Amino acid sequence: MTSPLDWIREAASTRDEAGLTRRLVATKAADIIDLAGNDYLGLRHHPAVVAGAVAAVETYGTGAGASRLVTGTLDVHDELEAAMVALTGAGAALVLSSGYAANLSVLTTLADAGTLVVSDEHAHASLIDGCRLSRAAVSVARHNDLEHVAELLARREGPRAVVVAESIYSVLGDAAPVADLVALTEEAGAMLVVDEAHALGVVGPGGAGLVTAAGASTAEHVVVTTTLSKSLAAQGGVVLAAPEVREHLVNTARPFIYDTGLAPAAAGAALAALGVLRDHPELSARVHANATRLAEACGVEAPAGAVMSVPMPGPHETVEAVERARSMGLRVGAFRPPSTPDGSSRLRITAHADHSPHDLDRACTVLGALVPRAE
Ligand SMILES: Cc1ncc(COP(=O)(O)O)c(C=O)c1O
């Protein structure tokens, strides 16, 4: 008798043999230096951020209680949107329950079956899923290759096109040529969607991201998505765009309309984190200084943001290196297929503003011993 779970068990054993099994391990507040998480500014335990979350819970309760279009829009959402606009200079902001929902919302409402989407081959899974759900024809552009983007756009048959990129890529940590993409899409009459999940708080003026740095935050054809879960130490997503695009999302984006509003604690924490970032612009500079030191210890180039990526021979070696690092008091990320855009296995290492000089010294010593060197 076969079981309906047989194919799942077979898939699991194939995964195991290839060294690609993922396991959930509860993270303990142990004496370990975290170089794997995305709390780039180190704000998750910041007293002002914790107080922001607590105050929002005390004011609004533990949940938003309904979709934002029903009764789930709270003053803290409006304040958070105003603070995001103040930071970035965007025309308008819309807060959603996650960065994933932000990407699904933008792509399913800006693109449809008659639209050509040109998406960078390293785009995040949430962008890819948004493209798929939109039913648009999707052409995948070679990574950061402007000429290829232009070539694919020139082949479009219908009137509408959308180009999709991240400003700082989540796994390899490299930056997109954002200013050039803004100019190219404007000239081609296309929209540009830029995911700034790994840029917010880290790059651009005051941590506003690379679209603001490119002077394009009010460009009508540019839409930015980002998350509140990384530098802003909370949870949730944001879309930054022209007011008409915000209105379009509020009226047509299913992951916004049919989803409960962002929980008050997350909105309050993110709002407070934006305040800390505004009052302490040195935090972003500290991320860069720490990233430069860590990159040197790993023998890779200093990254554009907080994320660096160290190529490993294969998935087994990657997992072994992560375990060795843990035994030496260091948490680093293991990225293996299918989470890597190029099918390689890598250590993903992130710099954080709150690492002390002592932590950094220790981290660099361990990384120096861990990372394979070219002969
Ligand atoms: C580039 C990128 N976009 C979107 C997301 C999704 O954001 P969220 O965790 O808020 O859903 C992530 C990861 O979390 C990401 O790395």
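Everything that follows concerns the structure shown earlier in this document.
Fair warning: this is a prediction, and the values are worked out from it, not measured in the lab.

## Notes on the site of the ligand
In step 1: Residues in close proximity to the ligand total 15 residues, the closest being G99, D195, H198, T227 and K230.
In step 2: The separation between an oxygen atom of the ligand and a polar main-chain atom of Y100 is 2.9 Å.
In step 3: H198 is positioned such that a nitrogen or oxygen atom in its side chain is 2.6 Å from an oxygen atom of the ligand.
In step 4: Burial of the ligand by the surrounding chains reaches 84%, relative to a free accessible area of 380 Å².
In step 5: In terms of residue count, the dominant contributor to the shell around the ligand is helix 5 (residues 99-110) (3 residues).
In step 6: Across the shell around the ligand, the residue classes tally to 2 nonpolar, 10 polar and 3 charged.

## Quick look at the sheet that holds strand 6 (residues 191-195)
By way of backbone hydrogen bonds, the strands of a sheet pair with one another, either parallel or antiparallel.
In step 1: Ordered in space as 2-8-7-6-5-3-4, the 7 strands form an open sheet in which the pairing is mixed. Across the chains shown, the open sheet's two edge strands, defined by having one partner strand only, are strand 2 (92-96) and strand 4 (137-141). Pairwise comparison of adjacent strand axes, ignoring direction, gives a mean angle of 20° for this sheet.
In step 2: When strand 5 (residues 160-166) meets strand 6, the two strands line up parallel, connected through 5 bridges. In the strand pairing of strand 6, V162 is matched with M191.
In step 3: Those strands touched by helix 7 (residues 146-154) are strand 3 (115-120), strand 4 and strand 5, and its axis lies near 155° from that of strand 4.

## A word on the packing of helix 7 against helix 8 (residues 178-188)
In step 1: Taken N-terminus to C-terminus, the directions of helix 7 and helix 8 make an angle of 15°; their axes are 11 Å apart at the nearest point. Of the possible angle classes, the one that applies to helix 7 and helix 8 is roughly parallel. Considering how the two elements wind past one another, helix 7 and helix 8 form a crossing that is right-handed. For the pair helix 7 and helix 8, contact is made by L146, V149, A150 and L153 and by D180, L181, L184 and A188, respectively.
In step 2: A class-by-class count of the residues in the contact of helix 7 with helix 8 yields 7 nonpolar, no polar and 1 charged.

## Looking at the pattern of salt bridges
In step 1: Evaluated as defined, the whole model comprises 12 salt bridges.
In step 2: The salt bridge involving R44 is made with D39; its shortest N-O contact spans 3.6 Å.
In step 3: On the accessibility criterion, R44 (52% relative accessible area) is exposed.
In step 4: What makes D39 buried here is its relative accessible area of 13%.
In step 5: D342 is the partner of R346 in a salt bridge, and the nearest nitrogen-oxygen pair spans 3.1 Å.
In step 6: Classification of R346 by relative accessible area gives buried; the value is 12%.

What counts, and where the lines are drawn
Residues numbered from 1 in each chain as written. Predicted model: local features only at pLDDT ≥ 70, side-chain atom pairs only at ≥ 80, totals over all residues. Heavy atoms only, no water. Near = heavy atom within 4 Å. Polar contact = N/O pair within 3.5 Å; in protein donor to acceptor, adjacent residues only side chain to side chain. Areas by Shrake-Rupley, 256 points an atom, 1.4 Å probe, with all protein chains shown as cover. Helix = DSSP H or I, 4+ residues; strand = E, 2+ residues; numbered from the N terminus. Nonpolar A, V, L, I, M, F, W, Y, C, P; charged D, E, K, R; others polar. Pairing = 2+ DSSP bridges. Axes fitted to C-alpha atoms, helices over the stretch in contact; angles between N-to-C directions. Contact = heavy atoms within 4.5 Å. Parallel < 35°, antiparallel > 145°, perpendicular 65-115°, else oblique. Left-handed = near helix turned anticlockwise from the far one by under 90°. Salt bridge = Lys/Arg side-chain N within 4 Å of Asp/Glu carboxyl O. Buried < 20%, exposed > 50% of the residue type's maximum accessible area, 1.4 Å probe, protein only.

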